Amino acid sequence: MTIDDMELIHGSGNVFRDFGHPNAGLEQARALIAAKIIGVLDDRGLSTREAEKMTGVSHSEFSRIRNAQLRRFTLDRMITILGKLDEDIEVNVTFRPRGEIVDRPPLGF
């Protein structure tokens, strides 16, 4: 395969939507919050056991987040976990008609 054999396609900004997942928005939101939780743990050098002692959230939940096993988590649970890590949290939600894709910067947490 050569570079000429490849086609470049501009994504929507949500890989879950691009691959046809039915709950793409929810999956994207969970992935973004999980990435932030993992980043906080990494920045502070916390193991899942240390994070458990600090927050009261079981180490198995932190392990699931680290392993991207996010289906069990609700958004509010993940936001609560992030808050227990002493992070200031601001959540913005935008509603658009279905099918409308707008070029926008990635969501930041």
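Heads up: these notes are all about the structure in this document.

The rules we used
Residues numbered from 1 in each chain as written. Predicted model: local features only at pLDDT ≥ 70, side-chain atom pairs only at ≥ 80, totals over all residues. Heavy atoms only, no water. Helix = DSSP H or I, 4+ residues; strand = E, 2+ residues; numbered from the N terminus. Buried < 20%, exposed > 50% of the residue type's maximum accessible area, 1.4 Å probe, protein only. Contact = heavy atoms within 4.5 Å. Areas by Shrake-Rupley, 256 points an atom, 1.4 Å probe, with all protein chains shown as cover. Core = buried A, V, L, I, M, F, W, Y, C linked by side-chain atoms within 4.5 Å. Lys, Arg positive; Asp, Glu negative; His and termini not counted. Salt bridge = Lys/Arg side-chain N within 4 Å of Asp/Glu carboxyl O. Axes fitted to C-alpha atoms, helices over the stretch in contact; angles between N-to-C directions. Parallel < 35°, antiparallel > 145°, perpendicular 65-115°, else oblique. Left-handed = near helix turned anticlockwise from the far one by under 90°. Nonpolar A, V, L, I, M, F, W, Y, C, P; charged D, E, K, R; others polar. Polar contact = N/O pair within 3.5 Å; in protein donor to acceptor, adjacent residues only side chain to side chain.

## Thoughts on the overall build of the protein
Step number 1: A tally of helices and strands in the protein yields five helices and zero strands.
Step number 2: Going residue by residue from the N terminus, the α and β elements of the protein occur as α-α-α-α-α.
Step number 3: Evaluated residue by residue, the protein yields a buried proportion of 26% over its 109 residues.
Step number 4: Put simply, of all contacts in the protein between residues at least 6 apart along the chain, 51% involve residues at least 24 apart.
Step number 5: Total accessible area computed for the protein in this model is approximately 8,100 Å², and 52% of it derives from carbon and sulfur atoms.

## Here's the deal with the nonpolar core
Step number 1: Formed by 17 residues in total, the largest nonpolar core has its most connected members in Ile37, Leu41, Phe62, Ile65, Met78 and Ile81.
Step number 2: Among the secondary structure elements, those contributing two or more residues to this core are α2 (24–44), α4 (59–66) and α5 (75–84).
Step number 3: Of all the elements, α2 adds the most residues to this core, at six residues.
Step number 4: Ignoring anything within four residues of it in the chain, the contact list for Ile37 reads Phe62, Ile65, Met78, Ile81, Leu82 and Leu85.

## Remarks on the side chain of Arg30
Step number 1: Among the secondary structure elements, Arg30 is positioned in helix α2.
Step number 2: This buried residue, Arg30, is left without a salt bridge; Glu27 holds the nearest opposite charge, at 5.4 Å.
Step number 3: In this structure, Arg30 is in contact with Leu70, Arg71, Phe73, Leu75 and Met78, ignoring residues within four places of it in sequence.

## Some words on unusual backbone geometry
Step number 1: The backbone phi angle of Ala68 is positive, close to 55°, even though this residue is not glycine.
Step number 2: Tracing the sequence through the fold places Ala68 in the loop between α4 and α5.
Step number 3: The exposure class of Ala68 is exposed, given its relative accessible area of 58%.

## Considering the packing of helix α3 (residues 48–55) against α4
Step number 1: Between α3 and α4, the least distance of the axes is 8 Å, while the angle of their chain directions is 125°. In terms of orientation, α3 lies oblique with respect to α4. For α3 against α4, the interelement crossing comes out right-handed. Of α4, the residues touching α3 (which contributes Thr48, Arg49, Ala51, Glu52 and Thr55) are His59, Phe62, Ser63 and Arg66.
Step number 2: Split by residue class, the contact of α3 with α4 holds two nonpolar, four polar and three charged.

## Looking at the side chain of Ser12
Step number 1: Its location among the elements puts Ser12 in the segment before α1 (15–18).
Step number 2: Its relative accessible area of 12% is what places Ser12 among the buried residues.
Step number 3: Among the polar contacts made by the side chain of Ser12, one reaches the main-chain amide nitrogen of Asn14 at a distance of 3.2 Å.
Step number 4: Separated by 3.3 Å, the side chains of Ser12 and Arg17 make a polar contact.

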